[in-house]
Amino acid sequence: MERKRLNEVLILNQSGTWGDEGNENDFPVLRSSNIQDGRLTLDDLVYRKVAKNKIDEFKLEDGDILVTKSSGSSHLIGKCCLFKNPNGKTFLYSNFTQRLRVNKSILLPELLFHYLNSSFAKEYLQKISNTTSGLRNLNMKDYAKQLIPILPMAEQQKIASILAQADAARQKRKQANQLTEQFLQSAFLEMFGDLGENKNGYKVFELKDLCTKVTDGEHNIPPRTESGIPLVMARNVRDGYLDLTELDFISEEDHIKANKRCNPEEGDILLVCVGATIGRLTIVPRTNPFSIVRSVALIKPDKKINSQYLLKALQSNYVQAYMMSRRSTSAQAGLYLNQIQKIPIPLPPLPLQQKFAALVKQVERLRTRQRESERELDNLFQSLMQRYFG
């Protein structure tokens, strides 16, 4: 199989622009936060005033690939999406991202996008991370040296079609998972109402008054080991579940030290409190011991409040807005411990909370099967990429 360096198949490899603060009459500028799980999302869209002579230079076209090149979180560096204009408007892109435009006579943009999300490209990204400052800023010159497999165009089109079908199956499964979550949100609203309005008149407590402990993980991260006790980071805390597929490890001795102050146990709640995913939460399942880092807060509910109710309360628009309004806006966004402890939580009668928890237990059985199906589809997709790009 022929291979070419990335810079040999591109006609553009260009950083973006930023401009001045604007409004919806100005131009939407896509940022790293608009790249989620390989998809373009228009949530949290910003508008900027950009000089007219720069519009054509930084205007995105269908088939362009956006790559995150700068971030306060090293694991977000290199994430990318394939741009397809969602509404016909003119979209620009920020100077923290890089636009790749491929020579379509050599390589299909869809195949390059899939390759950049493959294990091969991620392995290369890990190698060049050793020569950058924690990979907080991606060295695009090194990034563009990676070798890309080049197949005959007819074969590229066939592979792109197969990968598109496999990816569509993955997305349908994710959508089914989202519908399950929406059902729980609807049930929560029906039972407890909008917590921000609190029409039921529930007494409101600060989070610390409903918990035996509210703290965060290790500030001085112990040395990594090849095996040992898992070290859970923000990337492992997903929406409603703990993802242990990509882990770092520390020694048992360091875990014992950390566990004296911060001891995650089944039924506790983990909250991402640093980085781009602030506000993401899950309940600690029955699992082997692990430690957490500073970017994750540990919440231990007391007997007055049910973990499942508290999780949904913390995920509510009311509490999420509270957290977002109080996060620091420095180079790396953060929610300080004293702000977490003061989060306002309306407290319904415990029997009603327990009734909701029983419903969650039933739905969780379904979600477990859905996640297993999603993992199987992800494995199929990765095996296809291994076959075509390996």
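No experiment lies behind these values; they were computed from the predicted model shown.

Peer 1: I keep staring at the overall build of the protein and nothing clicks. Help me out?
Peer 2: Within the protein one finds 10 helices and 21 strands. Over its C-alpha atoms the protein spans a radius of gyration of 23 Å, differing by no more than 12% from the 21 Å that the globule rule assigns to 390 residues. Taken along its principal axes, the extent of the C-alpha atoms in the protein is 65 × 50 × 40 Å. Across the 390 residues of the protein, 48% fall into the buried class. Of all intrachain contacts in the protein linking residues separated by at least 6 positions in sequence, the fraction that spans at least 24 positions is 76%.

Peer 1: What is the right way to look at the sheet that holds strand β10 (residues 92–93) in this model?
Peer 2: Strands pair in a sheet through their backbones, by hydrogen bonds, and they do so in one of two ways: parallel or antiparallel. Spatial ordering of the open sheet is given by β3-β7-β4-β10, a layout of 4 strands whose pairing is mixed. Bordering the open sheet on either side are β3 (20–21) and β10, each of which pairs with just one other strand. Sheet analysis places β3 next to strand β7 (residues 46–49), joined by 2 bridges and oriented antiparallel. Bridging across to β7, D20 finds its partner in K49.

Peer 1: How should the confidence of the model for the protein be read in this particular structure?
Peer 2: Caution is warranted with low-pLDDT regions, since their predicted coordinates should not be read in detail. On average, residues of the protein score 91 in pLDDT, and 97% of them are at 70 or above. Between residues 131–135, whose pLDDT stays under 50, and residues either more than four places distant or in other chains, the model counts 8 contacts.

Peer 1: Sorry if this is basic, but what is going on with the side chain of E374 here?
Peer 2: Examined against the element boundaries, E374 turns out to sit in helix α10 (residues 350–389). One buried charged side chain, E374, makes no salt bridge at all; its nearest oppositely charged neighbour is K174, positioned 4.5 Å away. Leave out the neighbours within four places in its chain, and E374 touches R173, K174 and N177.

Peer 1: Where do I start with the sheet that holds strand β9 (residues 80–82) in this structure?
Peer 2: Taken together, 4 strands build an open sheet; the order of strands is β2-β11-β8-β9 and the sheet is antiparallel. Each edge of the open sheet is held by one strand with a lone partner, namely β2 (10–15) and β9. The sheet shows a mean angle of 15° between the axes of neighbouring strands, taken without regard to direction. In this structure, strand β8 (residues 65–68) lies alongside β9, joined through 3 bridges in antiparallel fashion. When the bridges of β9 are listed, V67 appears paired with C80. Each of β2, β8, β9 and β11 (97–102) touches helix α2 (residues 109–116); the most contacted strand, β9, lies at about 160° to it.

Peer 1: Just to check I follow, could you spell out the packing of aromatic side chains for this structure?
Peer 2: To describe a pair of aromatic rings, one takes the distance between the centres and the angle between the planes. Applying the stated rule across the entire model yields 9 aromatic pairs. Seen in terms of ring centroids, F188 and F356 are 5.5 Å apart; in terms of plane orientation they differ by 75°. Their pairing is edge-to-face. Placement of F188 in helix α5 (residues 153–192) and of F356 in helix α10 is noted, with a sequence separation of 168 residues between them. Assigned by exposure class, F188 and F356 land together as buried. Feature note: the residues F188, F192, Y309 and F356 constitute an aromatic cluster, connected by ring pairs. The ring of F381 carries the charged tip of R170 above its face, separated from the ring centre by 4.0 Å.

About the thresholds
Residues numbered from 1 in each chain as written. Predicted model: local features only at pLDDT ≥ 70, side-chain atom pairs only at ≥ 80, totals over all residues. Heavy atoms only, no water. Helix = DSSP H or I, 4+ residues; strand = E, 2+ residues; numbered from the N terminus. Rg over C-alpha atoms; globule rule 2.2 N^0.38 Å. Buried < 20%, exposed > 50% of the residue type's maximum accessible area, 1.4 Å probe, protein only. Contact = heavy atoms within 4.5 Å. Pairing = 2+ DSSP bridges. pLDDT = per-residue confidence, 0-100. Lys, Arg positive; Asp, Glu negative; His and termini not counted. Salt bridge = Lys/Arg side-chain N within 4 Å of Asp/Glu carboxyl O. Axes fitted to C-alpha atoms, helices over the stretch in contact; angles between N-to-C directions. Phe/Tyr/Trp six-rings, centres within 6.5 Å; stacked < 30°, edge-to-face > 60°. Lys NZ or Arg CZ within 6 Å of the ring centre and 35° of its normal.

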